[in-house]
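So the chains spell out like this:
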Amino acid sequence: MNGIILGAGRIGFNLARRMDNEHDITIIDNNRRRCHFINDLLECYVINGNGTDIKTLEDADISNADFFVATTGNDEVNLLSSVYAKDNGVKTIVSTLNNNEHEEIFKKLGIKYGNAETSAMKYIVRSIIRPTAQSLVTIGKGDAEIIEVELKNSDLVLTPVCEIQNDSDKFIIISVYVDDEVIIPTPDTEIDYGDIVTILVKSEYVKEVEDLFTTEGSDYYYI
């Protein structure tokens, strides 16, 4: 995937270092010395520029980016650049949030965010790797997660929970959100297309379980 990271500070640098082996990453930062430092260390395309400058974002080929991550210490810059990325059709957009007072405007404009350095980094990576599954909680030492997915696999529509779980030791369906109501499922509860499903899943099987619920034709008998 092609990705743009705005900000080469601690979060931006560590995120790029974590992802540059598997993705084509462009980093934008307004500090020239920092750009030279990143350029010497990582296999990324580095642009010295301002994230709110349209030409800078166009130079980063934003219209062809699969994801955009804003990690600067300035919420206004993060928000403006994220909105521009959204207007240019970038599918996955995530930002750090530095001031909780700005939380509502991020929500109103539909920009995903993380607001503590460690959790922001984890949230950003999960949002890019698993954009169709929202990770809610990491349990224990990271052995399991609670995720939230929208059922899009028509093969599971109106299938009882007991058949979907199929005695699996990989995941458990915790709740189903239907018509603004949270349902704690019984073994006979049937899940409909578009229902929001909350699932406890072992971390190593998150992608597999996500695909089960969100990918048409995934075969649940083999999970």
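Our subject is the structure that appears above.
Residues numbered from 1 in each chain as written. Predicted model: local features only at pLDDT ≥ 70, side-chain atom pairs only at ≥ 80, totals over all residues. Heavy atoms only, no water.

### Comments concerning the pairing of strand β10 (residues 171–178)
The following threshold applies: DSSP bridges decide pairing: two strands pair if at least two such bridges lie between them. Here a helix means four or more residues in a row that DSSP labels H or I, a strand means two or more in a row labelled E, and each is numbered from the N terminus.
One ladder, built from six bridges, connects β10 with strand β13 (residues 196–202); its direction is antiparallel. Of the residues in β13, the one forming a bridge with F171 is V201. Relative to strand β11 (residues 181–183), β10 runs antiparallel, the two sharing three bridges. Residue pairing for β11: V176 is matched across the bridge by I183.

### Describing the nonpolar core
As a reminder of what qualifies: The definition of a nonpolar core used throughout is a set of buried Ala, Val, Leu, Ile, Met, Phe, Trp, Tyr and Cys residues joined through side-chain atoms within 4.5 Å. Working definition: with a 1.4 Å probe on protein chains only, accessible area under 20% of the residue-type maximum means buried, over 50% means exposed, and in between means partly exposed. When checking whether two residues touch, look at their non-hydrogen atoms; a contact exists if any pair is within 4.5 Å.
Within the largest apolar cluster, 20 residues are counted, with the highest numbers of intra-cluster contacts made by I4, I28, I62, F68 and V90. Every element with two or more residues in this core is listed here: β1 (2–6), β4 (67–70) and α4 (75–87). Aside from chain neighbours lying at most four places away, what touches I62 is I4, L57, F68, Y84, A85, N88 and V90. Judged by nonpolar contacts, the second largest core, of 17 residues, contains V161, I164, V201 and V206.

### Concerning the pairing of β13
Two strands pair when backbone bridges link them, and strand β8 (residues 144–150) and β13 are joined in this way by seven bridges, in the antiparallel orientation. Looking at the pairing, A144 lines up with K202 of β13.

### Comments concerning the side chain of T214
Using the following cut-off: Polar contacts here mean pairs of N or O atoms no more than 3.5 Å apart (in protein, one a potential hydrogen donor and the other a potential acceptor; neighbouring residues in sequence count only if both atoms are side-chain atoms).
The topology assignment puts T214 in helix α8 (residues 206–214). In this structure the side chain of T214 is engaged in a polar contact, spanning 2.7 Å, whose partner is the backbone oxygen of E210.

### Topic: the pattern of salt bridges
Put simply, the test is: What counts as a salt bridge is simple: a side-chain nitrogen of Lys or Arg found within 4 Å of a carboxyl oxygen of Asp or Glu.
According to the stated counting rule, one finds five salt bridges in the structure shown. The partner of D59 in a salt bridge is K55, and the shortest N-O contact between them spans 3.2 Å. With D59 and K55 both in helix α3 (residues 54–59), this residue pair falls four residues apart, about one helical turn. We note a salt bridge from E208 to K170, for which the minimum N-O separation is 3.1 Å. Taken as a pair, E208 in helix α8 and K170 in the loop between α7 (161–165) and β10 lie far apart in primary sequence, 38 residues in all. By relative accessible area, which is 31% here, E208 ends up partly exposed. The class of K170 is buried, set by a relative accessible area of 15%. Bridged by salt links that share partners, the residues E103, E104 and K107 form one connected network.

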